[in-house]
Amino acid sequence: YKDEDSTIPDGIKPVLDNVRDTMVSEFSIEDKKFYEKEFSFFSEVTGISGKLKPYIKKSKQEMKVKIDEEMAIIKVEEGVYLPSNPDGTVTDINRKSGRPLQSHAKAPFMASFQIKKEVPRVVDDHVINEEVNSTLAAIFKVGDDCRQDVLALQLISIFRTIWMDAGLDVYVFPYRVTATAPGCGIIDVLPNSISRDMLGREAVNGLYEYFITQFGPETSPEFQHARNNFIKSLASYSVITFLLQIKDRHNGNIMYDNQGHILHIDFGFCFDIVPGGVKFEQSPFKLTREMVRVMGGSSDTQAYIWFEELCVKSFLSCRKYMDVIIKCIVPMLDSGLPCFKPATIKNLTARFVPNKTDKEAAIYMRSLIKKSFESFATKGYDEFQ
């Protein structure tokens, strides 16, 4: 559908309906039972988000009680899996793990599951499958179109492939988002990560202080390793957020993992859509004073210079694949996603500065870094949030 309320069918819908109906009609009896069992299980879990809507204006504790109540009655059938992780089966739900998430009009919630999967392991030159049990957390949404997040993460995966092929030592983490039905979806929770917003709530004064607390003094090998990871990920996400114009980069949408990487989540605002329709975030990408402090505190340090070099190399590598990236976006232009406007492709092409030489493009990227460093608007947006 072209809208979140599933009232305006996309032009391709009849074809897709026919494909699905044909596939299902040809299932064996056993396969059809499994298909129905899987979709029934997932509908029950996702449906909790819909049942929370009357509780939006109530306290988090009241919402938590409702989630626990609904989770307690879900039966986990053998062999079912989470759509974003089909390589493992769900053995149980952590019934008290449900947590309502902040949203002004929707009712997303997070829950964790016990997962069993088979992992190949080499023993005496033979590959054997070892059964591994783990816990997996996921976010469930109803009434939220997740396709925009899916598109952004597909593009981030393409950027990652481009940089790997170029031999660039940068880091991005395209986590999994699966749109399961019109206006419904599941989002993987980033493992071993915490948002910058949560760090603030835990009375961590600054990012540099967090790194020292987590990894030791600045002179330690652990801190140096974490800082390297930070720079490699900051450079790649800086280029991506500029090219795709990913906005709403407040501290709740920026994560840090236990290796020091910075990670971005929530791509509801990208290309030509901004929160509230007001372009508050004026800088090309987010580069705050506390981020620079982790890199030594000024633009003259070796760490900062390395960050600049990685940004330039990442940008130059992407320019060669501009047409590939654009071709992945064009089929979605008629999808009804709010991020697309008539000038989207023209604006995206302009950000690659295709008419500049590599040397001119490198100078251009350095000017973007300079403009981003401690932008007044970035600081103001964080304070507003």
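Structure report, in brief. Predicted model only: the values in this text are computed from it and were never measured.

Cut-off values and rules
- Residues numbered from 1 in each chain as written.
- Predicted model: local features only at pLDDT ≥ 70, side-chain atom pairs only at ≥ 80, totals over all residues.
- Heavy atoms only, no water.
- 1 Å grid on protein atoms, 1.4 Å probe; cavity = no way out; pocket = protein on both sides within 12 Å on 5 of 7 lines; lining within 4 Å.
- Points joined across faces, edges and corners; volume = space filled by probe spheres on them.
- Patch = residues over 30% accessible without salt bridge, like charges linked within 9 Å, V, L, I, M, F, W, Y side chains within 5 Å.
- Areas by Shrake-Rupley, 256 points an atom, 1.4 Å probe, with all protein chains shown as cover.
- Salt bridge = Lys/Arg side-chain N within 4 Å of Asp/Glu carboxyl O.
- Helix = DSSP H or I, 4+ residues; strand = E, 2+ residues; numbered from the N terminus.
- Buried < 20%, exposed > 50% of the residue type's maximum accessible area, 1.4 Å probe, protein only.
- Axes fitted to C-alpha atoms, helices over the stretch in contact; angles between N-to-C directions.
- Parallel < 35°, antiparallel > 145°, perpendicular 65-115°, else oblique.
- Left-handed = near helix turned anticlockwise from the far one by under 90°.
- Contact = heavy atoms within 4.5 Å.
- Arc of directions from axis to C-beta.
- Polar contact = N/O pair within 3.5 Å; in protein donor to acceptor, adjacent residues only side chain to side chain.
- Phe/Tyr/Trp six-rings, centres within 6.5 Å; stacked < 30°, edge-to-face > 60°.

1. What to know about the layout of surface pockets
Thought 1: Looking at the second largest pocket, its volume works out to about 1200 Å³.
Thought 2: Along the wall of the second largest pocket there are 34 residues; nearest its centre are Arg20, Ala179, Thr180, Ala181 and Pro182.

2. So, a nonpolar patch on the surface
Thought 1: Taken together, the side chains of Ile12, Val15, Leu16, Val19 and Met23 define a hydrophobic patch exposed on the protein surface, amounting to about 450 Å² of accessible area.
Thought 2: Along the chain, isoleucine 12 falls in the segment before helix 1 (13-25).
Thought 3: A relative accessible area of 45% means that isoleucine 12 is categorised as partly exposed.

3. Comments concerning the packing of helix 6 (residues 207-215) against helix 7 (residues 221-243)
Thought 1: In contact at an axis separation of 9 Å, helix 6 and helix 7 are set at 130 degrees when each is read in the N-to-C sense. Taken as axis vectors, helix 6 and helix 7 run oblique relative to one another. Judged by the sense of rotation from one axis to the other, the crossing of helix 6 with helix 7 is right-handed. For the pair helix 6 and helix 7, contact is made by Leu207, Tyr208, Phe211, Ile212 and Phe215 and by Glu222, Phe223, Ala226, Arg227 and Phe230, respectively.

4. Let's talk about helix 11 (residues 344-351)
Thought 1: When helix 11 is considered as a whole, its buried residues turn out to be Thr344, Leu348 and Arg351. Buried residues along helix 11 cover an arc of 60 degrees about the axis, so they all sit on one side.
Thought 2: The inward-facing, buried residues of helix 11 contact helix 7, helix 9 (302-319), helix 10 (322-329) and helix 12 (358-372).
Thought 3: Just downstream of helix 11 lies valine 353, where phi reads positive at about 40 degrees.

5. With respect to the side chain of aspartate 10
Thought 1: Considering the arrangement of structural elements, one finds aspartate 10 in the segment before helix 1.
Thought 2: Within polar-contact distance, the side chain of aspartate 10 engages the backbone nitrogen of isoleucine 12 at 3.1 Å.
Thought 3: Once you skip the residues sitting within four places of it in the chain, aspartate 10 turns out to touch Tyr1, Lys2, Asp334 and Ser335.

6. Details of unusual backbone geometry
Thought 1: Of note in the backbone geometry, aspartate 248 takes a positive phi value of approximately 60 degrees without being a glycine.
Thought 2: Within the secondary structure layout, aspartate 248 lies in the loop between helix 7 and strand 8 (254-257).
Thought 3: The backbone of aspartate 266 shows a phi angle near 65 degrees, a positive value even though the residue is not glycine.

7. Observations regarding the packing of aromatic side chains
Thought 1: Under the counting rule described, the total for this entry stands at 19 aromatic pairs.
Thought 2: Here the aromatic rings of tyrosine 208 and phenylalanine 223 are separated by 6.0 Å at their centres, their planes lie at 70 degrees, and the arrangement is edge-to-face. You can see tyrosine 208 sitting in helix 6 and its partner phenylalanine 223 sitting in helix 7, a full 15 residues away along the chain. An identical accessibility class is assigned to tyrosine 208 and phenylalanine 223; each is buried.
Thought 3: Centre to centre, the rings of phenylalanine 211 and phenylalanine 230 are 5.7 Å apart; their planes meet at 75 degrees, and the pair counts as edge-to-face. With a gap of 19 residues between them, phenylalanine 211 in helix 6 and phenylalanine 230 in helix 7 connect regions that are remote in the sequence. By the burial criterion, phenylalanine 211 is buried, and phenylalanine 230 matches it.

8. Things to note about the pattern of salt bridges
One side chain can pair with another of opposite charge once the charged atoms of both are near each other.
Thought 1: Counted according to the given criterion, the structure contains 16 salt bridges.
Thought 2: Taking the shortest distance from any N to any O, the salt bridge between aspartate 17 and lysine 13 comes out at 2.5 Å. Remark: lysine 13 and aspartate 17 occur in helix 1; sequence separation between them is 4 residues, near one turn of the helix.
Thought 3: When its relative accessible area of 21% is taken as the criterion, aspartate 17 is described as partly exposed.
Thought 4: Look at lysine 13 and you get partly exposed, because its relative accessible area is 22%.
Thought 5: Among the ionic pairs, arginine 366 bridges to glutamate 308, the shortest N-O distance being 3.5 Å. In this pair, arginine 366 sits in helix 12 while glutamate 308 sits in helix 9, placing the two residues 58 residues apart along the sequence.
Thought 6: A relative accessible area of 35% places arginine 366 in the partly exposed class.

All we've got here are geometric facts, nothing functional implied.
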